[in-house]
Structure formats: structure tokens, C-alpha cells
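Remarks on the overall topology
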Amino acid sequence: MEGEVVALGANAIFNANILLNSNDKNKLTGKGLGEQLGLDAVVYLRDLENIGGSTWVNANGYMLYDGEHRKEFAACLMESNNAPFIRIESGKWRHIATFRMIFEDLPQNENHIAKGEDKFKPEAIFKGHSDYAWKALNKMKESLPALLSRLPVENIEFLEPFKTEAHILGTTRMSRDEKLGVVDKNLIHHNYRNVFVLGGGSFTTFSPNNPTLTLSALSMLAVDRSF
């Protein structure tokens, strides 16, 4: 199959798989598969009623998003989560709040996409999040009581970290040259200059924010560069 201009828009997993099955020679194609790390905290309140349900996320907290701490551990975005809930205690049905913490992560080459026996079914090898992200999660468990000190908190229960944030990123990372990544700043493949690789695979790190607006803007920029 040939084309004057080819644009891949099949997501970070399948874009990498298409390239690998097309004998892409870039050594970093498929490498750095990843996403954010998420943690929920259920906060039990003393004689304070929450609203008991609204939009899923109605506020974001950026107090740990940037700062000197990022030299040691990941940024964190806090979400106020008001999906419908109930506290299973008589007279305290709405004395509860839920906060979700989303941590950035760094790409690791051992997390990658590989060709499967069936070319339509790639293998996703994910060995885990980086120590950088896990350190931030553990720090947040220590920090959250102080952050919520203005609330009448009875107890904080941390749930198990989420298995996925459903934002798969990083398998065709952006870079200035092919030794460091797969696509350039316009999402054009370093080795195949008529191939655009769109979507979240171009991300070089996995920030706490939802990546949708950024990857959409990058794709629109790529369209502008193709004409």
C-alpha cells in the first residue's frame, strides 16, 4: 500500500502496531507505553453533609501540580468527585466526600508494544509505573490530612490504585531527532517523511491532566503542516 501522505490515527497501541508490522526501523517505536497513576480517597465527614451527587468532576486542585517537589516525585492533580454516593451509616448518609488524585508518570522503555502472532492483535507489555509516580502517591497519603484540615474529617480511606486511567500514551514519542524519539514536533515520522503519527503516542511524559485537548491540538497542527 502506498500514499503521497499517510496519517495514522488508531491510538497509541495500534499506531505503534501498524508501524512495527510495516517494518519501521526506528528503535523506539512502541517503546514507553504508559499513562497516569490514579488513587481515590474516601473522606468521612463529621456532621457535614455533601451534596450527594452532581457532575462526575466539579473542581480541580492544583496545589501539588507544580513545584520543587517534582525534582523528587510526580505532580498531582486533585479532583473533587461528586458522582452519586451514600455513606452506609444511619443519619450520616451524605457525610462523605471523594477525592481523586492523578499523578504524572515518566515513560519507561520496558513498557512497550510488540508484534503479536496475529498482526491485528499487538502485545502490550506493561511492567508497572515508575518509582517517581509511586513516590508521589505515597507522599499524598501522608499529605492529604493536612490539605483537608479545614474540613471536619473523621477518617480517610484510600482505595486501591486504579488499574488504568484509560489514557494510553507514549509509544511514538516526540523528539528533535530519531535517536530520542519517533516523530518530530509536527508529528511527522523521523524516518518516513510522508507519515504522520497522530494522537497521544507522541507524549514524552504523562501529565496528570486529561490529554485529550493537547493531543487534539497536536493533530490539528499536523493537519496544518500537511498542506
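From N to C terminus, the chain includes three helices and nine strands. Listed by position from the N terminus, the elements making up the chain come as β-α-β-β-β-β-β-β-α-β-β-α. The principal-axis extents of the C-alpha atoms in the chain amount to approximately 70 × 35 × 35 Å. A sequence separation of at least 24 residues applies to 72% of the contacts in the chain between residues at least 6 apart. Carbon together with sulfur atoms contributes 54% to the accessible area of the chain, which is approximately 12900 Å² in total.

A few words now on helix H2 (residues 131-147). The end-to-end C-alpha separation of H2 is 23 Å, in line with the 24 Å expected for 17 residues at 1.5 Å each. Of all the bends in H2, the greatest, near 40°, is centred on lysine 141, and the proline proline 145 appears no more than four residues after it. Three or more residues of H2 are buried, namely Tyr132, Ala133, Ala136, Leu137, Met140 and Leu144. Against the buried residues of H2 lie strand E2 (37-45), strand E4 (76-81), strand E5 (96-103) and strand E8 (153-158).

A few words now on the sheet that holds E2. Spatial strand order, E3-E4-E5-E2-E8: five strands in an open sheet with antiparallel pairing. With partners counted over all chains shown, the strands left at the sheet margins are strand E3 (57-61) and E8, one partner each. Between one strand and the next, the sheet's axes are offset by a mean angle of 25°, whatever the strand orientation. In the sheet, E2 pairs with E5 via eight bridges, with the strands oriented antiparallel. Along E5, the bridge assignment pairs tyrosine 44 with isoleucine 96. H2 rests against E2, E4, E5 and E8 of the sheet, and its axis sits at about 20° to E2.

In this section: the side chain of glutamine 36. For glutamine 36, the position within the fold is in the loop between helix H1 (11-21) and E2. Residue glutamine 36 is classed as buried on the basis of its relative accessible area of 2%. There is a polar contact of 3.2 Å between the side chain of glutamine 36 and the side chain of histidine 167. Looking at glutamine 36, its side chain comes within polar contact range of the main-chain oxygen of serine 207, at 3.0 Å. Residues within four places of glutamine 36 in sequence aside, it is in contact with Ile102, Phe103, His129, Glu165, His167, Phe206, Ser207, Pro208, Asn209, Asn210 and Pro211.

Time to look at the environment of proline 107. Along the chain, proline 107 falls in the loop between E5 and strand E6 (112-114). We classify proline 107 as partly exposed; its relative accessible area is 24%. On a C-alpha basis, the gap between proline 107 and arginine 94 in space is 40 Å, while along the polypeptide they are 13 residues apart. Here proline 107 is in contact with Gly32, Arg173, Thr204, Thr205 and Phe206, once residues within four sequence places are set aside.

Membership of the largest hydrophobic core comes to 21 residues, with the highest contact counts inside it found for Met78, Phe99, Met101, Phe103, Met140 and Leu144. For this core, the secondary structure elements donating two or more residues are E2, E4, E5 and H2. Considering every element that reaches this core, the biggest residue donor is H2, with six residues. If near-sequence neighbours (up to four positions away) are discounted, leucine 144 is found in contact with Ala41, Met78, Met101, Ile156 and Phe158. By size, the runner-up hydrophobic cluster in this structure holds 16 residues, among which are Val195, Val197, Leu198 and Phe206.

Looking now at the pattern of salt bridges. Evaluated as defined, the whole model comprises 10 salt bridges. For the salt bridge of glutamate 68 with lysine 71, the shortest nitrogen-to-oxygen distance reads 2.8 Å. The class of glutamate 68 is exposed, set by a relative accessible area of 58%. Relative accessible area serves as the criterion here: at 68%, lysine 71 is assigned to the exposed category. Taking the shortest distance from any N to any O, the salt bridge between arginine 193 and aspartate 184 comes out at 2.8 Å. Overlapping salt bridges, with partners in common, bring together Arg87, Glu89, Lys92 and Glu154 in one network.

Parameters at a glance
Residues numbered from 1 in each chain as written. Predicted model: local features only at pLDDT ≥ 70, side-chain atom pairs only at ≥ 80, totals over all residues. Heavy atoms only, no water. Helix = DSSP H or I, 4+ residues; strand = E, 2+ residues; numbered from the N terminus. Contact = heavy atoms within 4.5 Å. Areas by Shrake-Rupley, 256 points an atom, 1.4 Å probe, with all protein chains shown as cover. Expected span 1.5 Å × (residues − 1). Bend = angle between axes of the 7 residues up to and from the residue. Buried < 20%, exposed > 50% of the residue type's maximum accessible area, 1.4 Å probe, protein only. Pairing = 2+ DSSP bridges. Axes fitted to C-alpha atoms, helices over the stretch in contact; angles between N-to-C directions. Polar contact = N/O pair within 3.5 Å; in protein donor to acceptor, adjacent residues only side chain to side chain. Core = buried A, V, L, I, M, F, W, Y, C linked by side-chain atoms within 4.5 Å. Salt bridge = Lys/Arg side-chain N within 4 Å of Asp/Glu carboxyl O.

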